[in-house]
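Chains, contacts and geometry: an overview
Below, each chain spelled out in residue letters.
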Amino acid sequence: MCGINGIFAYNHSASAPSEAELIATRDHMFRRGPDGVGVWWSEDRRIGFGHRRLSIQDLSERANQPMSDGTGRYTIVFNGEIYNYPELRRDLESKGYVFRTTSDTEAILHLYALEGEAMVRRLRGMFAIAIWDREARRLFFARDPYGIKPLYIANDGWTVRFASQVKALLAGGQISREPEPAGVVGFYLWGSVPEPFTCYRDIRQLPAGHTQIVDAAGVHPSKAFYSIAGVLAGAPRIHGSPTQMEARIKEAAFESVRAHLLSDVEVGVFLSAGIDSGALLGLMRDAGQEKIRAITLGFKEFEGTPEDETPLAREIAKLYQAEHVVRSVDRAEFKHDLPLILEAMDQPSIDGVNTWFASKAAHEAGLKVALSGLGGDELLAGYPSFQDVPKWVKYLSVPAAIPGMGALGRAALGLFKQTGISPKLAGMLTYGGTYPGAYLLRRGLFLPFELKTVLDPELLSLGLGRLKPLARVAASMQPAPRSAMGRVCALESANYMRNQLLRDSDWAGMAHSLEIRTPLVDSILLAQVAPTLRSFKQNFGKQALAKAARTPLPKMITKRPKTGFCTPIASWKTESISDKPLSAASFSRAWAESIMEMP
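Attention here is on the structure that accompanies the text. Along every chain, residues carry numbers that run from 1 in the direction the sequence is written. Local features are withheld for residues below a pLDDT of 70 in this predicted model, meaning they are given only at 70 or higher, and side-chain atom pairs are given and counted only at 80 or more; totals for whole chains, interfaces and linings count all residues. With hydrogens and water stripped out, all remaining heavy atoms of the structure feed into the side-chain values.

Turning to the sheet that holds strand 9 (residues 160-163), a few remarks are in order. Spatial strand order, 2-3-1-9-8-10: six strands in an open sheet with antiparallel pairing. Of all strands in the sheet, those with a lone pairing partner are strand 2 (36-41) and strand 10 (203-205), marking the two edges. Going from strand to strand, the sheet's axes swing by 15° on average, the running direction of each strand aside. Taken strand by strand, helix 1 (residues 19-27) contacts strand 1 (2-8), strand 2, strand 3 (47-53) and strand 9, and its axis lies near 150° from that of strand 2. Any two strands between which DSSP finds at least two bridges are classified as paired. Strands here are runs of E lasting at least two residues and helices are runs of H or I lasting at least four, both read from the DSSP assignment and numbered beginning at the N terminus. For helices, the fitted line uses only the C-alpha atoms of the stretch in contact; every axis is such a line through C-alpha atoms, and the angle between N-to-C directions lies from 0 to 180 degrees. Residue contacts are counted whenever heavy atoms from the two residues lie within 4.5 Å of one another.

Shown next, in the form of structure tokens:
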């Protein structure tokens, strides 16, 4: 896990890259990689790579990056982990490739030499990759299927720059800070910035599951090699009993956790009182990990109340014989850390604060790697959206198609505001009749017609035109899965999880030099579970996960009402932006506006 960056002056008339800019960009990411630092330049100095290393596999200096192969033709900088590295290495060695390290980075280099761009289809893990081919004079980018690891790219028509963080690119001093209207509008719509946009016009994110080439002709369009919706749509129909479906989920979850334990350092786990993290802990034990430290956040405000997750988390840790580390967080620490949180937040987000403190606790415990249960709800239909979105589409598709009905609903917005009813009700007849529209209602922060009260009219018009929010959401569901469960799985995974949860895990974890791994966000796991989705009834998937370990989670966990990760942080945030209580919806909106106003 690392921070990567580079500069390539691909146009022959462009000025040679500046070493000062390369180093400034690299060292802005020092928290991502405190264990090692590297720089590489081509012989003609038209391209340079920078690297900050958090050493996880092969802790020796021989595995430092940037790394070149034995011939000197290929040079790589890579951020992430490849969990099928041992299998890839054995295959490559059988074909005559010689390894100088035990790092997954070297396996990627050899695989690229063997298979070229197609090699990404064989990588299981999270990755952002840049490889320079000296003979072809070509720069290759790739990003993992789910978009767990970020890769930001800026192209001015002469020179291309890339890095693991938006703020790192800005720190180089050569990129305009002109705002990107689509990114700003997207943030207000969703509470996070939808890829490929950022808040800056000149910086884009390489989309998840895509590759891209840069050569003397410039930056070529990116190419998709993976689609979550495509996997779900193409999943074969299988017939089996609920017991057989459960067994399929259990086997796939175990295999994913086993793969995600590949490491030369200790692997811990974030532990709440929920099914996802509890199941991961049990599966870690089943996979043979002897020492396990489980990190739980505790809050004095919740002591002795049903909101306190520490007692149940303690029982889970005891069940699986893990060392339980409870880290208490209070209002004073939140206020102290808030400026640091906003500094580390690479793109604006209304979430991520909880992950900041969990990562901080893991770092204080001496951990460099922790598993997270993120992704369980998206994969196994754990969110209310799996029931709400199909229901809204079913009942609202006909009235929503009647001309003028949407406008009539919006006209009632003033009345709704006066009576305290959610303004989203005003959008039901406009958006509720389609999957993209219903999903916007379910996950949206503001609806498009509300933004005129928040944003400058010109910026809003430009942003909506460039973003095309409903078309963008619809594209994330294509090709359309054949079941309602599959459609919502695609929507949640390729939007909320990708643009907010995974991105927040990256910046919050990396701010504490912690690698957060997500075994429930895995392309192999998705392919194995996808055929069962159309057979899901409410809670089936999560209950199957709860039984995945040899010792299942007890009923006090599986029968507990779903609460999410409940913390008092929302009330602490409210104090910083309002002197009066706010509803959950009003708070999220006010917090979003305050984030955009903060330096």
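From this point on, the discussion continues.
In this model, helix 3 (residues 104-115) (twelve residues) spans 16 Å end to end at C-alpha, consistent with the 16 Å of a helix rising 1.5 Å per residue. Burial classification: accessible surface area is computed with a 1.4 Å probe over protein chains only, and a residue below 20% of its type maximum counts as buried, one above 50% as exposed, and the rest as partly exposed. Within helix 3, nine of the twelve residues are buried, which leaves it mostly tucked inside the rest of the structure. Those residues of helix 3 that fall on the buried side of the exposure criterion are D104, T105, E106, A107, I108, L109, H110, L111 and Y112. Of the residues one or two after helix 3, G116 is the one with positive phi, at around 70°. A helix is expected to reach a length of 1.5 Å times the quantity of its residues less one.

A few words on the sheet that holds strand 15 (residues 293-298). Pairing is parallel across the open sheet formed by five strands, whose spatial order is 16-15-14-17-18. The open sheet has two edge strands with one neighbour each: strand 16 (323-328) and strand 18 (515-517). Strand-to-strand twist in this sheet, taken as the mean axis angle between neighbours without regard to direction, amounts to 30°. In the sheet, strand 14 (residues 267-270) pairs with strand 15 via two bridges, with the strands oriented parallel.

Here the focus is unusual backbone geometry. Omega for the peptide link from E195 to P196 comes to 5°, which places this bond in the cis form. Mapped onto the fold, P196 is located in the loop between helix 5 (181-190) and strand 10. A cis geometry characterises the amide bond from Q478 onward to P479, with omega recorded as 0°. Among the secondary structure elements, P479 is positioned in the loop between helix 19 (469-475) and helix 20 (484-510).

The next subject is the packing of helix 11 (residues 353-364) against helix 20. Interhelical geometry of helix 11 versus helix 20 gives an angle of 40° and a closest axis separation of 8 Å. Crossing geometry of helix 11 relative to helix 20 is assigned as right-handed. Contacts from T355, W356 and S359 in helix 11 reach D504, S505, W507, A508 and G509 in helix 20. Under the convention adopted here, Pro, Cys and the residues Ala, Val, Leu, Ile, Met, Phe, Trp and Tyr are nonpolar, Asp, Glu, Lys and Arg are charged, and Gly plus all remaining residues are polar. Broken down by class, the residue content of the contact of helix 11 with helix 20 amounts to three nonpolar, four polar and one charged. Crossings are sorted by hand: turned counterclockwise from the far helix by less than a right angle, the near helix makes the crossing left-handed, and turned clockwise it makes it right-handed.

All right, on to the pairing of strand 6 (residues 125-133) then. Counting buried positions along strand 6 gives nine out of nine residues, so the element sits mostly inside the fold. Of the two faces of strand 6, the one lined by G125, F127, I129, I131 and D133 and the one lined by M126, A128, A130 and W132 are each fully buried. Of the pairings in the sheet, the one linking strand 6 to strand 7 (residues 138-143) comprises six bridges and is antiparallel in character. Considered in strand 7, the bridge of A130 is made with F141.

Note on terminology: a nonpolar core comprises buried Ala, Val, Leu, Ile, Met, Phe, Trp, Tyr and Cys residues joined through side-chain atoms within 4.5 Å. I108, M119, L123, I129, I131 and F357 are the most contacted members of the largest nonpolar core, which has 160 residues in total. Looking at this core element by element, the count peaks at twelve residues for helix 20. Beyond its immediate stretch of four places on either side in the chain, I129 contacts I76, V77, F78, I108, M119, L123, F140, F141, A142 and L151. Formed by 18 residues, the second largest nonpolar core is a distinct cluster that contains L139, L151, I153 and V214.

Any functional reading would require information that these geometric values do not contain.
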